[in-house]
Amino acid sequence: MDRRTVLRATVAGGAAAFAGSLWSGAASAAPAQPGTGPYGPLGTADGNGIQLPAGFTSRVVARSRQTVPGTSYTWHPAPDGGACFAAGTGWIYVSNSEITPNGGASALRFAADGTVTSAYRILSGTNQNCAGGAMPWGTWLSCEEISRGFVHETYPQGGTAAVQRPALGRFKHEAAAADPVRQVIYLTEDETDGCFYRFRPTVWGDLSTGTLEVLVAGTATSGPVSWARVPDPDGSPTTTRNQVAGAKRFTGGEGCWYADGTCWFTTKGDNRVWAYDAVGQRIDLAYDDSLVTGGAAPLTGVDNITGTRSGDLYVAEDGGNMEINMITPTGVVTPFLRITGQSSSEITGPAFSPDGSRLYFSSQRGTAGISAGGITYEVRGPFR
């Protein structure tokens, strides 16, 4: 049998419901399948080359190696993972820079009407900052995607120096997501045989000390899991992923998002979106391109992921056909937007403003196809 047939046989009859009350409508859901989304089909490309559903509009808010309009700050190259934070009556969008050397991260501050009021650096002197995660106490974890890379805790409001957090482990980091109920931080690893981790701080809100654990499970795509302590988070001489027998392997961990008892994470090597049910302590597949029936899979090159209060997941493509796809709580996967004319790029950093009315993201290499050509966008519209 081919891979699609084998995987379908593995999952059929055994895929549990998507966890968390946001997904309670999918009580008997198997991995998501293509369907009609809540916003209808994509229209023709707008002036920015972006195809959107009716009622949505886009604008460019920053370009790599160019001064951010309304400020004196030069936006960083290769914009990657991002997040939004409330700031008075406005908000802040932070964005990593996936270059070596001196990647780091920058921030855009917005007024209540969406005007950019300032832009500034929040992390410098680091390498290949890929994704990360927003913490409930208002910091941004910027992760280095290099061998024995660090997690750096940064301060989006500015004025406070970033802090290296080695207790979260030294490995090829990708993304992070906070679970405030269980008081843990979930972490993905971008290796072909990478693992899925969680960090338990000694004191919630203080990432200076704690316990790093790795998910332990068999080879199945669904079922119960457990956690085991990583003996040496420093990852030397033995890498963290090779320290615990039975640690489950994932082919290229990417984005990570926590909501209502579930941590969603993506793996690029097999185009999957996973759901870790933190309540039931099990994993299941929310999406797998090889399990799509009846036609081509709409979502490939899975990468960064974010979510909304309505329960929709938004998954960016690294390559594919340069789309951000939605996965709805009813198990429908559908394109939300498509960037045209930028086939040598990837979509990165999707994040919603605190009120959910604006979506930010970047094309990492833009129309030029190089790190200096990155473009950061905003989309407004009737998000549910």
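An unreviewed UniProt entry annotates the chain as DUF839 domain-containing protein originating from Micromonospora humidisoli.

Take the overall build of the chain next. If you tally the helices and strands in the chain, you get 1 helix and 28 strands. The C-alpha atoms of the chain give 19 Å as radius of gyration, which agrees with the globular expectation for 384 residues (21 Å, within 12%). Across its three principal axes, the chain shows a C-alpha extent of roughly 55 × 45 × 35 Å. By the burial criterion, 58% of the 384 residues in the chain qualify as buried. Look at the contacts in the chain between residues 6 or more apart in sequence, and 51% of them connect residues 24 or more apart. For the chain, the exposed area adds up to about 13700 Å²; of that, 51% sits on carbon and sulfur atoms. Across the chain, 28 positive and 33 negative side-chain charges occur, with their mean positions spaced 1 Å apart.

On to the pattern of salt bridges, then. Two side chains bearing opposite charge may form a pair once their charged atoms approach each other closely. In the structure shown here, the tally under the stated rule is 19 salt bridges. A salt bridge links Glu-346 to Arg-365; the nearest nitrogen and oxygen atoms lie 3.2 Å apart. Separated by 19 residues along the polypeptide, Glu-346 in the loop between strand S25 (332-339) and strand S26 (347-352) and Arg-365 in the loop between strand S27 (358-363) and strand S28 (375-380) bring together distant segments of the chain. Neither residue differs from the other here; Glu-346 and Arg-365 are each classed as buried. One salt-bridge network, held together by shared partners, links Glu-189, Glu-191, Asp-193 and Arg-241.

Tracing the chain through its elements places Thr-71 in the loop between strand S3 (57-63) and strand S4 (79-87). Reaching out from Thr-71, the side chain makes a polar contact with the backbone oxygen of Val-68 at a distance of 2.9 Å. Residues in contact with Thr-71, not counting those within four places in the same chain, are Val-116, Thr-117, Ser-118 and Ala-119.

Another point: the sheet that holds strand S9 (residues 140-144). Ordered in space as S8-S9-S10-S11, the 4 strands form an open sheet in which the pairing is antiparallel. The strands lining the two open edges of the sheet, one partner per strand, are strand S8 (129-134) and strand S11 (163-164). As paired elements, strand S10 (residues 151-154) and S11 share 2 bridges and run antiparallel to each other. The partner of Glu-153 across the bridge, within S11, is Val-163.

Let us now look at the sheet that holds strand S20 (residues 272-277). On the basis of which strands lie adjacent, the open sheet formed by 5 strands has the order S16-S21-S20-S19-S18 and antiparallel pairing. At either end of the open sheet lies a strand with only one pairing partner, and these are strand S16 (223-224) and strand S18 (253-259). In this sheet, S20 lies alongside strand S19 (residues 262-267) in antiparallel orientation, the contact comprising 6 bridges. Bridge pairing in S20 links Thr-262 to Asp-277.

Low pLDDT means the predicted coordinates in that region are not meant to be read closely. For the chain, mean pLDDT is 93; residues scoring 70 or higher make up 92% of the total. Below pLDDT 50 for its whole length, residues 1-28 participates in 65 contacts with residues either more than four positions away or in separate chains.

Most peptide bonds adopt trans geometry, and most residues besides glycine take a negative phi value. In the segment running from Thr-100 into Pro-101, the intervening peptide bond is cis, with an omega of 0°. Here Pro-101 lies in the loop between strand S5 (90-97) and strand S6 (105-110). The peptide bond linking Ser-236 to Pro-237 adopts the cis configuration, its omega dihedral lying at 5°. Checked against the element boundaries, Pro-237 lands in the loop between strand S17 (226-229) and S18.

For the rest of this paragraph, the subject is the packing of aromatic side chains. One pass over the structure, following the stated rule, counts 27 aromatic pairs. Pairing Phe-110 with Tyr-360 gives two aromatic rings, centres 5.0 Å apart and planes at 40°, and the pair type is tilted. With Phe-110 in strand S6 and Tyr-360 in strand S27, the pair connects residues that are 250 residues apart, well separated along the chain. In this structure, Phe-110 and Tyr-360 share a single accessibility class: buried.

Leu-141, Ile-185, Leu-187, Tyr-197, Phe-199 and Val-214 are the most contacted members of the largest nonpolar core, which totals 21 residues. When contributions to this core are tallied by element, the ones reaching two or more residues are S9, strand S12 (173-179), strand S13 (184-189), strand S14 (196-203) and strand S15 (206-216). Per-element tally for this core: the top contributor is S15, with 4 residues. Here Val-214 is in contact with Cys-195, Phe-196, Tyr-197, Ser-226, Trp-227, Ala-228, Val-230, Val-244 and Ala-247, once residues within four sequence places are set aside.

Thresholds, definitions, all that
By convention here, each chain's residues receive numbers from 1 onward along its written sequence. In keeping with the model being predicted, local features are shown solely for residues with a pLDDT of at least 70 and side-chain atom pairs are shown and tallied solely at 80 or more, while totals for entire chains, interfaces and linings include all residues. Excluding hydrogens and water, the side-chain figures rest on all heavy atoms present in the structure. The helix count covers DSSP runs of H or I at least four residues long, the strand count covers runs of E at least two residues long, and both are numbered beginning at the N terminus. Computation of the radius of gyration draws on C-alpha atoms, with the globule rule given as 2.2 Å multiplied by the number of residues to the power 0.38. Relative accessible area decides the class of each residue, using a 1.4 Å probe on protein chains only: under 20% of the type maximum gives buried, over 50% gives exposed, and in between gives partly exposed. Contact between two residues is taken to exist if any of their heavy atoms lie within 4.5 Å; hydrogens are not considered. Computed with the Shrake-Rupley method and a 1.4 Å probe, the accessible areas treat only the protein chains shown as cover for residues. Positive charges come from Lys and Arg alone, negative charges from Asp and Glu alone, with His and the N- and C-terminal ends not counted. A charge is said to be at NZ when it belongs to Lys, at CZ for Arg, at CG for Asp and at CD for Glu. Counted as salt bridges are all cases of a side-chain nitrogen of Lys or Arg within 4 Å of a carboxyl oxygen of Asp or Glu. Between N or O atoms, a polar contact is any pair within 3.5 Å; within protein, one atom must be a potential hydrogen donor and the other a potential acceptor, and residues adjacent in sequence are included only when both atoms are from side chains. We call two strands paired when DSSP finds no fewer than two bridges between them. Confidence of the predictor in every single residue is expressed as pLDDT, which spans 0 to 100. Aromatic rings from Phe, Tyr and Trp, with only the six-membered ring used for Trp, were paired whenever their centres fell within 6.5 Å, and each pair was classed as stacked if the ring planes differed by under 30 degrees, edge-to-face if by over 60, and tilted otherwise. Among the buried residues, those of types Ala, Val, Leu, Ile, Met, Phe, Trp, Tyr and Cys that are joined through side-chain atoms within 4.5 Å form a nonpolar core.

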